[in-house]
Amino acid sequence: MIEQRHSDKRGVGDHGWLYSRHTFSFASYWDPAQTGFSDLLVINDDQVAPGRGFGTHPHKNMEIISYVLEGTLAHKDSMGTGSEIVPGDIQLMSAGRGVTHSEFNASHNDSVHFLQIWVVPAENGTPPGYQQIALAEQDKRGKFALIISPDAAEGSLKIRQDTRIYAGLFDGEEQQTITLPENRYAYIHVASGSLKVNGVEFVAGDGARVREETSLTFSDGDKAEVLLFDLRPVENNYPTR
């Protein structure tokens, strides 16, 4: 079963310098039917004005992923990490027993557009950590590349949960069929463009919970960038309020 949720059904946070669409309940947006899926708790689609950003703030016991679509995101944290993240880069910060960090638009002229993703870890109180990789366009062109996994397979970032995340780019006749593992859930998030999944049209911002499907075919893309989450077969147990 593919349970599609359209982009315009997401929550909205408009703070002037920050415009955010919330796939799941977050901050002032609350929908008891949208409190995450399996261990996937947050997908925030954020656009940050030039020179603005999130000041230093704490996190603990959360796996936090940043996936930049446009622009440059600057990161600093209490572990001493300082980095810039551009399209093609993937950042994973394991908050563990506690970390503070800031995220800013590195440009004073252009906005930055990125996805902020939270996954609940399997274990609390672990040491914090930071990882970052860069993928070339050809690594994702017409196929899915593994970007996050619990065992750092295929050069992916190592997450502290039984979760795998794939990223793909699809345009024109490019297509791929993914065979889903037995007894697993999946989640689809279309970051940009449009495409079809098993013949169903998806546009930017659309998502879908996937249960009891054996395969997913991604086709008919129009500059589509897609994330695919392979998740434990449990319903969300982590309400945000």
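Because the structure is predicted, anything quoted here is derived from the model rather than measured. (Residues numbered from 1 in each chain as written. Predicted model: local features only at pLDDT ≥ 70, side-chain atom pairs only at ≥ 80, totals over all residues. Heavy atoms only, no water.)

### Structural notes on the sheet that holds strand S8 (residues 82-85)
No. 1: In space, the four strands of this open sheet follow the order S5-S10-S7-S8, with antiparallel pairing throughout. One side of each edge strand has no neighbouring strand; the edge strands of this open sheet are strand S5 (53-59) and S8. Strand-to-strand twist of the sheet, defined as the mean angle between neighbouring strand axes without regard to direction, takes the value 20°.
No. 2: One ladder, built from five bridges, connects strand S7 (residues 73-77) with strand S10 (residues 99-105); its direction is antiparallel. Paired with His 75 across the strands is Glu 103, a residue of S10. (Pairing = 2+ DSSP bridges. Helix = DSSP H or I, 4+ residues; strand = E, 2+ residues; numbered from the N terminus. Axes fitted to C-alpha atoms, helices over the stretch in contact; angles between N-to-C directions.)

### A look at the pattern of salt bridges
No. 1: Scanning all chains against the criterion turns up ten salt bridges.
No. 2: Notably, a salt bridge pairs Glu 3 with Arg 211, separated by 3.0 Å at the nearest N-O pair. Residue Glu 3 is found in strand S1 (residues 2-5), and its partner Arg 211 is found in the loop between strand S19 (207-210) and strand S20 (215-231); the two are separated by 208 residues along the sequence.
No. 3: Among the residues examined, Glu 3 registers a relative accessible area of 34% and is labelled partly exposed.
No. 4: You can call Arg 211 buried: its relative accessible area is 14%.
No. 5: Glu 174 serves as the salt-bridge partner of Arg 141, at 2.9 Å between the closest nitrogen and oxygen. Of this pair, Arg 141 sits in the loop between helix H1 (137-140) and strand S13 (144-149) while Glu 174 sits in the loop between strand S15 (164-172) and strand S16 (176-179), and the two are 33 residues apart along the sequence.
No. 6: The exposure class of Glu 174 is partly exposed, given its relative accessible area of 23%.
No. 7: A single salt-bridge network, built from bridges that share partners, covers Asp 162, Arg 164, Arg 184 and Asp 230. (Salt bridge = Lys/Arg side-chain N within 4 Å of Asp/Glu carboxyl O. Buried < 20%, exposed > 50% of the residue type's maximum accessible area, 1.4 Å probe, protein only.)

### Quick look at the nonpolar core
No. 1: In terms of nonpolar packing, the biggest core is built from 27 residues, with Leu 40, Ile 65, Ile 90, Ile 117, Ile 147, Ile 148 and Phe 229 touching the most fellow members.
No. 2: Where this core is concerned, the elements lending two or more residues are strand S4 (40-48), strand S6 (63-70), strand S9 (89-94), strand S11 (112-119), S13, S15, strand S17 (185-197) and S20.
No. 3: Non-local contacts of Ile 65, meaning those with residues more than four positions away in its chain, are made with Ile 90, Gln 91, Leu 92, Leu 115, Gln 116, Ile 117, Val 119, Ile 148, Ile 159 and Ile 165.
No. 4: Grouped together as the second largest cluster of nonpolar side chains are 17 residues, Ile 178, Ala 186, Val 197 and Ala 208 included. (Core = buried A, V, L, I, M, F, W, Y, C linked by side-chain atoms within 4.5 Å. Contact = heavy atoms within 4.5 Å.)

### Points about the packing of aromatic side chains
No. 1: In the structure shown here, the tally under the stated rule is ten aromatic pairs.
No. 2: Measuring from ring centre to ring centre gives 6.2 Å for Phe 37 and Tyr 187, while their planes differ by 55°; the resulting arrangement is tilted. In this pair, Phe 37 is assigned in the loop between strand S3 (18-22) and S4 and Tyr 187 in strand S17, connecting sequence segments 150 residues apart. When sorted by exposure, Phe 37 lands in the same class as Tyr 187, which is buried. (Phe/Tyr/Trp six-rings, centres within 6.5 Å; stacked < 30°, edge-to-face > 60°.)

### Some details on the layout of surface pockets
No. 1: Put simply, the largest pocket is a space of about 340 Å³.
No. 2: Lining the largest pocket are 21 residues, and of these Thr 179, Leu 180, Pro 181, Arg 184 and Asp 230 sit closest to its centre.
No. 3: Every element with two or more residues in the lining of the largest pocket is listed here: S16, S17 and S20.
No. 4: Across the lining of the largest pocket, the residue classes tally to eleven nonpolar, four polar and six charged.
No. 5: Considered as a void within the structure, the second largest pocket measures approximately 270 Å³ in volume.
No. 6: Surrounding the second largest pocket, 23 residues form its lining, Leu 18, Phe 26, Asn 44, Phe 54 and Gln 116 being those nearest its centre. (1 Å grid on protein atoms, 1.4 Å probe; cavity = no way out; pocket = protein on both sides within 12 Å on 5 of 7 lines; lining within 4 Å. Points joined across faces, edges and corners; volume = space filled by probe spheres on them. Nonpolar A, V, L, I, M, F, W, Y, C, P; charged D, E, K, R; others polar.)

### Concerning empty space enclosed by the protein
No. 1: All told, the structure shown has one cavity of 30 Å³ or more when counted by the stated rule.
No. 2: Its volume calculated, the largest cavity comes out at about 30 Å³.
No. 3: Together, Asn 61, Met 62, Glu 63, Gly 96, Pro 121, Glu 123, Asn 124, Gly 125, Thr 126 and Arg 160 line the largest cavity.
No. 4: Per-class residue counts for the lining of the largest cavity are two nonpolar, five polar and three charged.

### Describing the side chain of Glu 63
No. 1: Tracing the backbone shows Glu 63 in strand S6.
No. 2: Here Arg 160 takes part through its backbone nitrogen, which lies 3.2 Å from a polar atom of the side chain of Glu 63.
No. 3: Ignoring any residue separated from it by four or fewer positions in sequence, one finds Glu 63 in contact with Leu 92, Met 93, Ser 94, Ile 117, Trp 118, Val 119, Pro 121, Ile 159 and Arg 160. (Polar contact = N/O pair within 3.5 Å; in protein donor to acceptor, adjacent residues only side chain to side chain.)

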